[in-house]
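# Report on the structure
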Amino acid sequence: EQRPSQFPERSSLNAMPANSSKMSHILIIGAGVIGLQTAVTLLEAGYSVTILAKHWPGDESIEYTSPWAGAIWRTHALPDDVEQCDWNIQNYKHWMKIAEEEAEKAREMGIQRVPLTIFSDAPSLDPTSPSLWYTPHVHSFSSLPPSSLPANGAKSGHSFTSLAIHPVTYLRSLLSQAKGLGAKTISTELPTSSGFAHAVGEAMRCLNTAGGIEKEGEEEKEVVVVNCTGLGAHSLCKDASMYPIRGQALLARIHPTPAPQILLHESPPHITYIVPRMGTDLFLLGGTKDADNWSGEPTPEISESIVRRCEEMMRPWAGEEAKIEVLSEQVGLRPGRKGGVRVEIEEVEVGEGRKVKVVHQYGHAGAGYQNAIGSARKVLGIVKDILS
Ligand code: FAD
């Protein structure tokens, strides 16, 4: 059952018509989960949108984080960070509504409603812990009986109904929704060597030459740029507070295939998780959180450690005889940012006295999927203010 919420419903914000949408155009840089969700949110509000990016759904690159995500709903926010908590709950409600009420759409988008079990090294669950702020907002929260704990040192645990997203299916679906709503696309890499203003100028030139923007009579449309370049902002904006949080994981089968479920054990310095990949018999096994490590190469010792930790963790659920078959190793770099996500306006001079307003929206670290809706709605509000 859904518990009462302190967070307001946001559907009214999405439904508001964009009064100045005809005379304006939005150029989104980046086609990860943040850029694509923002595109869909702005298009649904009536804006015309072009997405410019180097990497697109289906591409695999260490410069493109979104395809490598575990992509589950599990909040990392604490109650004093009210905005992050709000964003997390917005995504929980959004995904849960699709999973529960629109089965076909959920399948197409790769959204799966599954139990999530979190094991802990703490001797017992402390219901007053600030980290459990979210329990009134999620379905079927309960603590685990000791008999359900794995033999991996975990001393307590809890579970609730969560969501597992198939990242590539989800990204493809967001792009297809954006195109269906009229988004145009430009595939190019913006230069990083001559400063951010030069890159924005290049983006504007691409927009004009690629025909992404039509003139309204003789009037120039006002263009607002939204910068959703993730870790790319480190070089594009010379933002020194951006840093990678490296995650290594394995795509694997478990024999015999158990029922879909997410298992997670945080035992610093280790994080161990098993996440189902909807529509397949595969699971993502992880993982690591290694700050300031830019390496895109998998490390064999880490893969061995992941298999060992996942075998211990999965026994009570998958059975004593269950075996892991590793199909591939993968590495992704979470876009970490000291000071948290950057959502703010910058006015950039792109030459010949022309100024362009840029809304930065990057640095979502290990929570870009579960923050995308709230973050995109915040940008929608900023864009409305700029253009009103
Ligand atoms: P990206 O996906 O990296 O997209 C950036 C875009 O900008 C790309 O299209 C790129 O081509 C473009 N770009 C950058 N620079 C330029 C340039 N110079 N010119 C043109 N285009 C450019 N999040 C969750 O919510 N839940 C999870 O369970 C979860 N698990 C994770 C597990 C792992 C192992 C990892 C690595 C991440 C995980 N995340 C999770 C975090 C999530 O994946 C990220 O927060 C999110 O993908 C960031 O998306 P983004 O759109 O900001 O960046």
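Residues numbered from 1 in each chain as written. Predicted model: local features only at pLDDT ≥ 70, side-chain atom pairs only at ≥ 80, totals over all residues. Heavy atoms only, no water.

### Some thoughts on the confidence of the model for the protein chain
A residue-level look at the protein chain finds 92% of positions with pLDDT of 70 or above and a mean pLDDT of 92. Low pLDDT (under 50) marks residues 11-19, which in the prediction has 16 contacts with non-local residues, meaning those over four places away or in another chain. (pLDDT = per-residue confidence, 0-100. Contact = heavy atoms within 4.5 Å.)

### Some remarks on the site of the ligand
Around the ligand there are 35 residues in total, and Ala-31, His-55, Ser-66, Leu-190 and Ala-365 lie nearest to it. One nitrogen or oxygen atom from the main chain of Val-33 is found 3.3 Å from an oxygen atom belonging to the ligand. When the free accessible area of the ligand is taken as 1000 Å², the share hidden by the protein chains comes to 96%. Looking at the shell around the ligand, the elements that each hand over two or more residues are α2 (33-44), β13 (323-337) and α9 (368-387). Considering only residue class, the shell around the ligand consists of 17 nonpolar, 14 polar and 4 charged. (Near = heavy atom within 4 Å. Polar contact = N/O pair within 3.5 Å; in protein donor to acceptor, adjacent residues only side chain to side chain. Areas by Shrake-Rupley, 256 points an atom, 1.4 Å probe, with all protein chains shown as cover. Helix = DSSP H or I, 4+ residues; strand = E, 2+ residues; numbered from the N terminus. Nonpolar A, V, L, I, M, F, W, Y, C, P; charged D, E, K, R; others polar.)

### Concerning the pattern of salt bridges
When their charged atoms lie close together, side chains carrying opposite charge are able to pair. Evaluated as defined, the whole model comprises 14 salt bridges. In this structure, Glu-63 and Lys-54 form a salt bridge, with 2.8 Å as the shortest nitrogen-oxygen distance. For the salt bridge of Glu-83 with Lys-378, the shortest nitrogen-to-oxygen distance reads 2.9 Å. Highlighted residues: Glu-83 in helix α3 (residues 82-101) and Lys-378 in helix α9, separated in sequence by 295 residues. Given a relative accessible area of 33%, Glu-83 falls into the partly exposed group. (Salt bridge = Lys/Arg side-chain N within 4 Å of Asp/Glu carboxyl O. Buried < 20%, exposed > 50% of the residue type's maximum accessible area, 1.4 Å probe, protein only.)

### Here we look at the pairing of strand β9 (residues 262-267)
In the sheet, strand β3 (residues 111-120) pairs with β9 via 4 bridges, with the strands oriented parallel. Of the residues in β9, the one forming a bridge with Phe-119 is His-265. The pairing of β9 with strand β10 (residues 270-276) spans 5 bridges and is classified as antiparallel. When the sheet's bridge partners are listed, Leu-264 is paired in β10 with Tyr-273. (Pairing = 2+ DSSP bridges.)

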